[in-house]
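What follows is the residue order along each chain.
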Amino acid sequence: MQTDSSFTFVLFGGTGDLSMRKILPALYEAHRAGMLAASGKIVAVARHEEDRAGYLQWVNEHVKAHVAKSGIDENAWAGFVDRIEYVKLDLGKAEDFVKLRDALQDHAGTRVFYLATGPSLFVPICHALASVGLNENARIVLEKPLGYDLRSSNAINDAVGEIFAEEQIYRIDHYLGKEPVQNLLALRFGNALFEPLWRREWVESIQITIAEELGVEARGDFYDNTGALRDMVQNHLLQLLSIVAMEPPHSMDSDSVRDEKLRVLRALKPIDPRDISKVAVRGQYHAGVIRGTSVPAYATESGVKTDSATETFVALKVEIENWRWAGVPFFLRTGKRLADRVAEIVVNFRAVPHSALGASALRAGANRLVIRLQPNETIRLYCLAKKPGEGMNLSSVHLDLAFDQFFKEGQMEAYQRLLLDVINGRLALFVRRDEQEAAWKWVEPILNEWAASGKPKPYAAGTWGPAAASAMLAQHGTCWLEEEN
Ligand code: BG6
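The sections below set out a description of the structure shown in this document. (Residues numbered from 1 in each chain as written. Predicted model: local features only at pLDDT ≥ 70, side-chain atom pairs only at ≥ 80, totals over all residues. Heavy atoms only, no water.)

Within the structure shown, the criterion is met by 33 salt bridges. Put simply, Glu195 and Arg324 hold a salt bridge, and the shortest N to O gap is 3.0 Å. Pair noted here: Glu195 is in the loop between α7 (179-190) and β7 (203-211) and Arg324 is in the loop between β11 (313-318) and β12 (330-335), with a separation of 129 residues, a long-range link. Residues Glu195 and Arg324 agree in their burial class; the two are buried. Salt-bridge contacts for Lys336 lead to Glu212; the nearest nitrogen and oxygen are separated by 2.9 Å. (Salt bridge = Lys/Arg side-chain N within 4 Å of Asp/Glu carboxyl O. Helix = DSSP H or I, 4+ residues; strand = E, 2+ residues; numbered from the N terminus. Buried < 20%, exposed > 50% of the residue type's maximum accessible area, 1.4 Å probe, protein only.)

See below:
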């Protein structure tokens, strides 16, 4: 399907890392798949390149390598490059924004400003756009991190909110654009099977893991001022949690879905600072080995302070104070340089109330649903079955659904889906201000406590994080699921 109408996609930070790795490759894929209206234009804005020829050379050198899925189709690439215009712009110069306005004057259709820049530039760019009237009838896309804590995020939202109405603002959380996250909504609300069991009466605990093998790469400086709680929990993990736990929305329109997610975020049991050591574990990786390769300690990475107290691992126990989930622990964990790259949701169901099948049924465990988001999208349902042969001996078996075997094509990268949604004016997969505030409010006591005292616990790169993360689950009679798929 093509974008509804013509558009101009103005990309601030046009020579930045994000533009190179994600945004321009995603726009190319959408173009190649015939999903962009023929008259749609991309106007890249940057300081470094002098003119369009210089910018296109940069695009050829840096963007092509990041087009993953199908490689480059040279014909399609030529057509894509034809869409690109370039405006050299210095943010400090008001006259450069006049130049930008003039360059956009003849462009019809939807206007999108994508700020692929550091958050400190969001407000100055918005003011400058407003000073030349470019905020009218436009959409603005803000990348994470949006602020550093509740106060700074509110300050940005207040300032941007004076210039753009909430319906014009698209806050990106790229996890919401991932196919399997969409599928989670389909699984929960498209099937009669799961919903009746999706509650405290039948669910014992839920785990959500986003584990990475990668370290901080070239982002040591940024990461050392951020840490895993801000980088992954405040946004991606709490968004996943809210989708797992939300009530069925009455429709899939933007506000119905976001209202339900917000209810979950507001129902998170506030963390008492005195309990933090019981419900939150932080870790930092030391040197170790991942898949046979030695990797250095976090504190020796470029851009990181040698005595850094920044966490590269977080594990949390979260509770939701509502009728559906009261008393059910949600265990969240994320970390860099862990043993595997995996993102998954594990729903542990309760054991049957009475086993007529004897001791082997109890030993074989209860039902469990594992929804794996990456690296491969699968759903695995663990059930009990009788072992062949004499006697009633039970064993755990599983039913597997691998999505790439059912759907051979049509997969879309998160950024491609999200950029098309911005151009088409669909807000459902973008974070509303109130959701963001609720998430910051909830993590803030942990941020404050960790900033005030203590240090992260060490863990060797290539492991599953500090032992304390496993001990936290052991107290609830459970353990993290760590298995090969
Ligand atoms: C980003 C974080 O938001 O998500 C990175 O800033 C992290 O630190 C990345 O590596 C993980 O995303 P994905 O899609 O690779 O799981």
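Picking up after the structure, the text goes on.
This part takes up the packing of aromatic side chains. Counted under the stated rule, the structure contains 18 aromatic pairs. Consider the rings of Phe9 and Tyr114, whose centres lie 5.7 Å apart with planes at 35°: the pair is tilted. Residue Phe9 is located in strand β1 (residues 7-12), and its partner Tyr114 is located in strand β4 (residues 110-115); the two are separated by 105 residues in the primary sequence. When its relative accessible area of 0% is taken as the criterion, Phe9 is described as buried. Between the aromatic rings of Trp325 and Phe330, the centroid separation amounts to 5.2 Å while the plane-to-plane angle is 85°, which identifies the pairing as edge-to-face. (Phe/Tyr/Trp six-rings, centres within 6.5 Å; stacked < 30°, edge-to-face > 60°.)

Neighbouring the ligand are Lys144, His174, Tyr175, Lys178, Glu212, Arg219, Asp231, Met232, His236, Lys336 and Gln374. Interatomic distance of 2.5 Å between a side-chain N/O atom of Tyr175 and an oxygen atom of the ligand. The contact in question runs from an oxygen atom of the ligand to an N or O atom on the side chain of Lys336, over 2.8 Å. Compared with its free state, where it exposes 400 Å², the ligand has 80% of that area covered by protein. Considering every element that reaches the shell around the ligand, the biggest residue donor is helix α9 (residues 227-245), with three residues. (Near = heavy atom within 4 Å. Polar contact = N/O pair within 3.5 Å; in protein donor to acceptor, adjacent residues only side chain to side chain. Areas by Shrake-Rupley, 256 points an atom, 1.4 Å probe, with all protein chains shown as cover.)

At their nearest, the axes of helix α1 (residues 17-32) and helix α14 (residues 414-424) sit 8 Å apart, and the two run at 70° to each other. Compared by their axis directions, α1 and α14 come out roughly perpendicular. You can see that α1 and α14 cross each other, and the crossing is right-handed. Note on element contacts: α14 touches α1 through Tyr415, Gln416, Leu419 and Leu420, opposite Leu18, Lys22, Ile23, Ala26, Leu27, Glu29 and Ala30. Partitioned by chemical class, the residues of the contact of α1 with α14 number eight nonpolar, one polar and two charged. (Axes fitted to C-alpha atoms, helices over the stretch in contact; angles between N-to-C directions. Parallel < 35°, antiparallel > 145°, perpendicular 65-115°, else oblique. Left-handed = near helix turned anticlockwise from the far one by under 90°. Contact = heavy atoms within 4.5 Å. Nonpolar A, V, L, I, M, F, W, Y, C, P; charged D, E, K, R; others polar.)

So, about the sheet that holds strand β3 (residues 84-88). Pairing within the open sheet is parallel, and its six strands lie in the order β3-β2-β1-β4-β5-β6. The sheet is open, and its two borders are formed by β3 and β6 (169-171), each paired with just one other strand. Adjacent strand axes in the sheet meet at a mean angle of 20° when their direction is disregarded. Here five bridges tie β4 to strand β5 (residues 138-142), and the two strands are oriented parallel to one another. Along β5, the bridge assignment pairs Phe113 with Ile140. Against the sheet, α1 touches β1, β2 (41-46) and β4, its axis set at about 170° to β1. (Pairing = 2+ DSSP bridges.)

Turning next to the pairing of β2. The element β2 is largely enclosed, with a buried count of five among its six residues. As paired elements, β1 and β2 share five bridges and run parallel to each other. Paired with Val10 across the strands is Val43, a residue of β2. Chirality of the crossover, the property in question, places the unit of β1, α1 and β2 among those that are right-handed. In this sheet, β3 lies alongside β2 in parallel orientation, the contact comprising five bridges. Paired with Ala46 across the two strands is Lys88, which belongs to β3. (Right-handed = clockwise from strand over helix to strand, strands pointing away.)

Quick look at empty space enclosed by the protein now. In the structure shown here, the tally under the stated rule is two cavities of 30 Å³ or more. Within this model, the largest cavity holds a volume of roughly 180 Å³. Lining the largest cavity are 20 residues, and of these Asp173, Gln234, Asn235, Val431 and Gln436 sit closest to its centre. Every element with two or more residues in the lining of the largest cavity is listed here: α9 and α15 (433-452). Counting residues per element, the lining of the largest cavity draws most heavily on α9, which supplies five residues. The class makeup of the residues in the lining of the largest cavity is nine nonpolar, five polar and six charged. (1 Å grid on protein atoms, 1.4 Å probe; cavity = no way out; pocket = protein on both sides within 12 Å on 5 of 7 lines; lining within 4 Å. Points joined across faces, edges and corners; volume = space filled by probe spheres on them.)

Spatially, β16-β15-β14-β13-β7-β12-β11-β8-β17 is the arrangement adopted by the nine strands of the open sheet, whose pairing is mixed. Edge positions in the sheet fall to β16 (394-402) and β17 (457-460), since each has one partner strand and no second. Averaged over all adjacent pairs, the angle separating strand axes in this sheet is 20°, with direction ignored. Bridging between strand β14 (residues 368-374) and strand β15 (residues 378-386) involves five bridges; their strand directions are antiparallel. When the bridges of β15 are listed, Arg372 appears paired with Thr378. The sheet strands contacting α9 are β7, β11, β12, β13 (342-349) and β14, and the helix crosses β12 at an angle near 145°.

In this chain, Lys144 is followed by Pro145 through a cis amide linkage whose omega measures 0°. Tracing the backbone shows Pro145 in the loop between β5 and α6 (150-163). For the bond running from Gln374 to Pro375, omega is 15°, close enough to zero to count as cis. Here Pro375 is to be found in the loop between β14 and β15. Of note, Glu217 is a non-glycine position whose phi angle comes to about 50°, a positive value. Looking at where Glu217 falls in the secondary structure, it is placed in the loop between β7 and α8 (220-224). Using a relative accessible area of 49% as the deciding quantity, one classes Glu217 as partly exposed.

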